[in-house]
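# Chains, contacts and geometry: an overview
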Amino acid sequence: MLDTVVFVDAKAVSFFTDSMVLAKIHAEQDTLPARKYHVMGYPTTLLLDKAGNEVDRLVGYAPPEEFLKTLVDYTRGIGTLGDLLRQADTATDRELFYQIGDKYKYRGESEKAETWFARVIESGEPVDSLSGEARLAVADLYRRAKDYPKALDAYRKISEEFTASYHGQDAVIYQAIVYRAMGDTLQAIAQFETYLQKFPESSDAEYAREQIAKLKNSGQTTQ
Amino acid sequence: MKIGGYKLNKAISAVAAVALVWLACSKEPADLVSEAGHAPYYTTLESALAAAGTNQYVAVDFYTDW
């Protein structure tokens, strides 16, 4: 989307011709830079200074105007991690705490991320929407760190406590994804089937069906 | 004019020097991609950082095929 929508936008072409240097790195072919900067998902756009120091990053897609505005804001110190941390010195804004946790998460600084997500949870209601987001984010940290038992436990608790919201729904399918990552095909299939039984009309139902078919065809029968 | 002598060598050297300077000035880095209708970009981080002016920033898009 960045390549087909953002980088072909007339303002973006002008911006990257006159104001800012653009690099496009294929992370599977040129793997060192992605490792160096702890890039965890794609697309990720890093803003670096001339010395290669990270100013901040955008994770995922944004429309051209928003994409360029975010980059320009970052060059002015607006919306960067440092900016948010300064704001948090005097604020008790849970959204802000969540954004800081998210920035640490995508920089690969898991412990700091977890600390900020914990502040989101502690300063709100146990099962409100932002607590659900923060708890999913913490579970995601465990999953990305391949700490599968902790991830499963976290997702299981979310699925039990957030039965009336999409957080609980997501937690069910993520348990299947964790089992799959563990190589536990039978449990993964069972969990995807549980998801389909509970949420047959969800937007991820088709994905769950595809995964069940793939796992059944894979011939893996570990555990 | 001396064929094979000092003056000819000097002229050839001068032409070669001018040609080298022209080549250096006109040749784009091998890893700079400039296509009509697309933002110009470098395909290596090193070249992008080297191309950035003092106080200029570099945006690095990390992508995969999937």
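Residues numbered from 1 in each chain as written. Chains lettered and ligands numbered in written order. Predicted model: local features only at pLDDT ≥ 70, side-chain atom pairs only at ≥ 80, totals over all residues.

## Things to note about the overall build of chain B
Put simply, the test is: Elements are defined by DSSP. Helices are runs of H or I of four residues or more, strands are runs of E of two residues or more, and each kind is numbered from the N terminus. Our exposure labels follow a C-beta count within 10 Å of each residue's own C-beta, placed from the backbone: buried means 20 or more other C-beta atoms, exposed means 12 or fewer, and partly exposed covers the counts in between.
Of regular secondary structure, chain B possesses 2 helices and 3 strands. Taking all 66 residues of chain B together, the buried fraction comes to 17%.

## Overview of the environment of Gly183 of chain A
Residue and element names in this part refer to chain A. Considering the arrangement of structural elements, one finds Gly183 in the loop between helix 10 (166-182) and helix 11 (185-198). Since 12 C-beta atoms lie within 10 Å of it, Gly183 is described here as exposed. Considered as a pair, Gly183 and Val6 are 177 residues apart in the sequence and their alpha carbons are 38 Å apart.

## Remarks on the interface of chain A and chain B
The test is simple: The contact criterion used here is simple: two residues whose C-beta atoms, placed from the backbone, lie within 7 Å are in contact. Each residue is assigned to one of three groups, with Ala, Val, Leu, Ile, Met, Phe, Trp, Tyr, Cys and Pro labelled nonpolar, Asp, Glu, Lys and Arg labelled charged, and all others, Gly among them, labelled polar. A strand pair is defined by DSSP finding two or more bridges across the two strands.
Counting residues at the interface gives 33 residues for chain A and 24 residues for chain B. Elements supplying a minimum of two residues to the side of chain A that touches chain B: helix 2 (10-18), strand 1 (21-26), helix 3 (31-36), strand 2 (44-48) and helix 4 (64-75) of chain A. It is strand 1 of chain A that contributes the most residues to the side of chain A that touches chain B, 6 residues altogether. Per-class residue counts for the side of chain A that touches chain B are 22 nonpolar, 6 polar and 5 charged. Pairing of strand 1 of chain A with strand 3 (residues 58-63) of chain B, which is carried by 6 bridges, proceeds in the parallel orientation.

## Focus: the pairing of strand 3 of chain B
Looking down a regular strand, the side chains alternate between one sheet face and the other. The buried fraction of strand 3 of chain B is high, at 5 of 6 residues. Where strand 2 of chain A meets strand 3 of chain B, 5 bridges bridge the pair, whose relative direction is antiparallel. The residue of strand 3 of chain B that forms the bridge with Leu47 of chain A is Ala59 of chain B.

## Side note on the environment of Gly132 of chain A
Residues and elements named next belong to chain A. With respect to the element layout, Gly132 can be found in helix 8 (residues 129-144). Through-space distance from the C-alpha of Gly132 to that of Met182 is 24 Å; in sequence the pair is 50 residues apart. Filtering out sequence-adjacent residues up to four positions away, Gly132 remains in contact with Val127, Ile158, Phe162, Ser165 and His167.

## Comments concerning the packing of helix 8 of chain A against helix 10 of chain A
Residue and element names in this part refer to chain A. The line we're drawing: The angle between two axes is taken between their N-to-C directions and runs from 0 to 180 degrees, where each axis is a line fitted to C-alpha atoms and a helix contributes only its stretch in contact. Orientation categories follow fixed angle ranges, with anything under 35 degrees roughly parallel, anything over 145 roughly antiparallel, 65 to 115 roughly perpendicular, and all other angles oblique.
Packing of helix 8 against helix 10 leaves a shortest axis separation of 10 Å and a crossing angle of 5 degrees. Judged on the interaxial angle alone, helix 10 and helix 8 are roughly parallel. Contacts between helix 8 and helix 10 involve Gly132, Leu136, Ala139 and Arg143 on the former and, on the latter, His167, Asp170, Ala171, Tyr174 and Val178. Tallied by class, the residues present in the contact of helix 8 with helix 10 amount to 5 nonpolar, 2 polar and 2 charged.

## Looking at the environment of Glu122 of chain A
Residues and elements named next belong to chain A. Tracing the sequence through the fold places Glu122 in helix 7 (residues 110-122). What makes Glu122 exposed here is the crowd of 12 C-beta atoms within 10 Å. A sequence separation of 84 residues divides Glu122 from Glu206, and the C-alpha atoms of the two residues are 36 Å apart.

## Concerning the nonpolar core
As a rule of thumb, soluble globular proteins bury nonpolar side chains together. Quick reminder of the rule: Nonpolar cores are built from buried Ala, Val, Leu, Ile, Met, Phe, Trp, Tyr and Cys residues. These are joined into a set through C-beta atoms within 7 Å.
One finds Ala139 and Tyr155 of chain A to be the most contacted residues of the largest nonpolar core, which totals 35 residues. Elements represented by at least two residues in this core include exactly helix 5 (81-88), helix 6 (94-106), helix 7, helix 8, helix 9 (148-161), helix 10 and helix 11 of chain A. Residue contributions to this core peak at 7 residues, all from helix 10 of chain A. Apart from the residues within four sequence positions on either side, Ala139 of chain A is in contact with Ala151, Ala154, Tyr155, Ile158 and Tyr174 of chain A. Within the second largest apolar cluster, 31 residues are counted, among which are Ala34 and Leu48 of chain A together with Tyr41 and Leu45 of chain B.

Nothing here speaks to function; it is geometry throughout.
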